[in-house]
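Each chain, letter by letter, is given below.
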Amino acid sequence: IGDAAHGMSPNLGQAACVAMTNAVQLAIAAAKTRNLDFALRGWEEKMRPMTDRVQKYSRVYGRVGTQWPKPLLDTRSALVKRFAKSRRVQTAINFAAANYPGGHL
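Residues numbered from 1 in each chain as written. Predicted model: local features only at pLDDT ≥ 70, side-chain atom pairs only at ≥ 80, totals over all residues. Heavy atoms only, no water.

## Looking at the overall build of the protein
When you go through the protein residue by residue, the secondary structure sums to five helices and zero strands. When the helices and strands of the protein are read in sequence order from the N terminus, they spell out α-α-α-α-α. Across the 105 residues in the protein, those meeting the buried criterion constitute 24%. (Helix = DSSP H or I, 4+ residues; strand = E, 2+ residues; numbered from the N terminus. Buried < 20%, exposed > 50% of the residue type's maximum accessible area, 1.4 Å probe, protein only.)

## So, the packing of aromatic side chains
The tally for this structure, following the rule as stated, stands at zero aromatic pairs. The side chain of Lys56 reaches across the aromatic face of Tyr57, ending 5.7 Å from its centre. (Phe/Tyr/Trp six-rings, centres within 6.5 Å; stacked < 30°, edge-to-face > 60°. Lys NZ or Arg CZ within 6 Å of the ring centre and 35° of its normal.)

## Notes on helix α3 (residues 36-66)
Taking 1.5 Å of rise per residue, the 31 residues of α3 would be expected to cover 45 Å, and the 42 Å separating its terminal C-alpha atoms lies within 8% of that figure. Bending of α3 peaks at approximately 45 degrees at the position of Met47, with proline Pro49 no more than four residues after it. On its buried face, α3 is in contact with α2 (15-31). Where α3 begins, the capping side chain belongs to Asn35, and its oxygen is found 3.1 Å from the backbone nitrogen of Asp37. (Expected span 1.5 Å × (residues − 1). Bend = angle between axes of the 7 residues up to and from the residue. Contact = heavy atoms within 4.5 Å. Polar contact = N/O pair within 3.5 Å; in protein donor to acceptor, adjacent residues only side chain to side chain.)

## As for the nonpolar core
In this structure, Met8, Ala15, Val18, Ala29, Ala39, Trp43, Met47, Met50, Val54, Phe95 and Ala96 together form the largest nonpolar core, which totals eleven residues. Here this core gets five residues from one element, more than from any other, and that element is α3. (Core = buried A, V, L, I, M, F, W, Y, C linked by side-chain atoms within 4.5 Å.)

## A word on α2
With 17 residues, α2 should cover 24 Å at 1.5 Å per step; its first-to-last C-alpha distance of 24 Å lies within 8% of that length. Three or more residues of α2 are buried, namely Ala15, Val18, Thr21, Asn22, Gln25, Ile28 and Ala29. Projected onto a plane normal to the axis of α2, the buried residues spread over an arc of 150 degrees and lie on a single side. (Arc of directions from axis to C-beta.)

## Details of the pattern of salt bridges
For side chains bearing opposite charge, pairing can occur when the charged atoms are close. Counted by the stated rule, this structure contains two salt bridges. Of the charged contacts in the structure, one is a salt bridge between Glu44 and Arg48, with a shortest N-O distance of 3.0 Å. Of the two residues, Glu44 and Arg48 both sit in helix α3, four residues apart, roughly one turn of that helix. Taking the relative accessible area as the measure of exposure, Glu44 reaches 34% and is therefore partly exposed. For Asp52, the salt bridge identified is with Arg48, shortest N-O distance 3.2 Å. Taken as a pair, Asp52 and Arg48 lie in helix α3 at a separation of four residues, close to a single helical turn. Overall, Asp52 belongs to the partly exposed group, its relative accessible area being 34%. In this structure Arg48 comes out as partly exposed when scored by relative accessible area, which is 35%. Several salt bridges converge on common partners, so that one network encompasses Glu44, Arg48 and Asp52. (Salt bridge = Lys/Arg side-chain N within 4 Å of Asp/Glu carboxyl O.)

Structure (structure tokens):
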């Protein structure tokens, strides 16, 4: 349910990772206080940038993958392959997998 829970296009395969990371971080935030509003605000402030970034890259990747004229599809495939080999691009796209929740329950 990761893509559905985050309103994310399913282009990167990271929505489940984001959903689980957010769920763990929310549990940690809620366990630290009895004030649920405070916990939710803190959780949102901490996790929103990561979630927004994954959603943004997913949309961009979807556009790159689908909005090409037919005569340029081979060019698109070559560019995607080239970028996929770049460590810098992979780090930029797959950063959510390195985002570990902090704290203890």
